[in-house]
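Per-entry structural report
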Amino acid sequence: MTETVGFIGLGHMGEGMSRRLLGIGKKLIVWNRSEAKAKALEAESKGAVKAVSTPAAVVRQCSVTYIMLSTPEAVRSVYTMPEGVLAGVSNSKAIIDCATLAVKDMEYLASEVIMRGGRFVEAPVSGSKKPAADGQLIFLAAGDAGLYAAAAA
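Bear in mind that the values here come from a model prediction, so they are computed numbers and not experimental data.

Scanning the protein chain from terminus to terminus reveals eight helices and nine strands. Across the protein chain, contacts joining residues at least 24 apart in sequence account for 61% of those joining residues at least 6 apart. Looking at the protein chain as shown, the accessible area adds up to about 7,700 Å², and 56% of this sits on carbon and sulfur atoms.

Looking at helix H4 (residues 72–80), one finds that the buried residues are Ala74, Val75, Val78 and Tyr79. The arc that holds every buried residue of H4, seen down its axis, measures 125°, which confines them to one face.

What follows deals with the layout of surface pockets. Considering only enclosed or pocket space, the second largest pocket measures out at about 170 Å³ in volume. Gly11, His12, Arg33, Met68 and Ser70 are the residues nearest the centre of the second largest pocket, which is lined by 13 residues in total. Among the elements that take part in the lining of the second largest pocket, helix H1 (residues 12–23) stands out by supplying three residues, more than any other. Tallied by class, residues from the lining of the second largest pocket come to four nonpolar, seven polar and two charged.

Turning next to the pairing of strand S2 (residues 27–31). Consecutive residues of a regular strand have side chains that alternate between opposite faces of the sheet. Burial analysis of S2 places four of its five residues in the buried class, which makes it a mostly covered element. Where strand S1 (residues 4–8) meets S2, five bridges bridge the pair, whose relative direction is parallel. Bridged to Gly6 within S2 is Ile29. Note that the unit made of S1, H1 and S2 has a crossover that is right-handed.

Another point: the side chain of Ser45. Looking at where Ser45 falls in the secondary structure, it is placed in the loop between helix H2 (35–44) and strand S3 (49–51). A distance of 2.9 Å separates a polar atom in the side chain of Ser45 from the backbone oxygen of Glu42.

Within the structure shown, the criterion is met by one aromatic pair. Relative to Tyr66, the ring of Phe7 lies with its centre 6.3 Å away and its plane at 20°, an arrangement referred to as stacked. Within this pair, whereas Phe7 is found in strand S1, its partner Tyr66 is found in strand S4 (residues 64–67), the two being separated by 59 residues in sequence. Just as Phe7 is buried, Tyr66 falls in that class too. Over the face of the ring belonging to Tyr108 we find Arg76, whose NZ or CZ atom lies 4.4 Å from the ring centre.

With respect to the helices and strands, the residue His12 is situated in helix H1. Judged by relative accessible area, His12 falls into the exposed class, the value being 61%. Note: C-alpha distance between His12 and Met68 (56 residues apart in sequence) is 9.4 Å.

To continue, consider the pairing of strand S5 (residues 94–97). Where burial is concerned, the two faces of S5 agree: the one with Ala94 and Ile96 and the one with Ile95 and Asp97 are both buried. As judged from the four bridges shared by S5 and strand S6 (residues 119–122), these two strands associate in the parallel manner. Considered in S6, the bridge of Asp97 is made with Glu122. With helix H6 (residues 103–115) bridging S5 and its parallel neighbour S6, the resulting β-α-β unit is right-handed.

All right, on to the pattern of salt bridges then. The final tally for this structure, using the stated rule, is nine salt bridges. The salt bridge involving Arg60 is made with Glu83; its shortest N-O contact spans 2.6 Å. Of this pair, Arg60 sits in helix H3 (residues 55–61) while Glu83 sits in the loop between H4 and helix H5 (85–88); the two residues are 23 residues apart in sequence, bridging distant segments of the chain. Taking the relative accessible area as the measure of exposure, Arg60 reaches 41% and is therefore partly exposed. Glu83 sits in the partly exposed class, given a relative accessible area of 34%. Among the ionic contacts, a cluster of salt bridges with common partners joins Glu15, Arg19, Lys37 and Glu44.

Cut-offs used in this document
- Residues numbered from 1 in each chain as written.
- Predicted model: local features only at pLDDT ≥ 70, side-chain atom pairs only at ≥ 80, totals over all residues.
- Heavy atoms only, no water.
- Helix = DSSP H or I, 4+ residues; strand = E, 2+ residues; numbered from the N terminus.
- Contact = heavy atoms within 4.5 Å.
- Areas by Shrake-Rupley, 256 points an atom, 1.4 Å probe, with all protein chains shown as cover.
- Buried < 20%, exposed > 50% of the residue type's maximum accessible area, 1.4 Å probe, protein only.
- Arc of directions from axis to C-beta.
- 1 Å grid on protein atoms, 1.4 Å probe; cavity = no way out; pocket = protein on both sides within 12 Å on 5 of 7 lines; lining within 4 Å.
- Points joined across faces, edges and corners; volume = space filled by probe spheres on them.
- Nonpolar A, V, L, I, M, F, W, Y, C, P; charged D, E, K, R; others polar.
- Pairing = 2+ DSSP bridges.
- Right-handed = clockwise from strand over helix to strand, strands pointing away.
- Polar contact = N/O pair within 3.5 Å; in protein donor to acceptor, adjacent residues only side chain to side chain.
- Phe/Tyr/Trp six-rings, centres within 6.5 Å; stacked < 30°, edge-to-face > 60°.
- Lys NZ or Arg CZ within 6 Å of the ring centre and 35° of its normal.
- Salt bridge = Lys/Arg side-chain N within 4 Å of Asp/Glu carboxyl O.

As structure tokens, then:
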């Protein structure tokens, strides 16, 4: 059975990363701040992508959700907005956040996810748009060791 994973943020980096996941046979539930991007990916995916209306809907429907947002402000907004990421986190939900943030910001996100029963890995990347599309990003990961091992497999 094909695993369905969540992906939040389909910008310069997230689009390539999500396409790489599709390329290895994953199905995706996606949300983007610009709904048109999520709908376009859904339309071209031949049933492998489902766009949903909130970040919480992504997290609720997937055991693992990747998040790639562009700025600390965008990250905080998408996590804390009504029906944001944190609203969807419950026991055993896994969040892998790929943004590059200050230590205090990642510590805040991790504690909020864990407090709700979820698991968290911070996984900022080294690379840009082309390496993302080519599957050549370098992840600098820390957090839940079991989640890290499962994601790396």
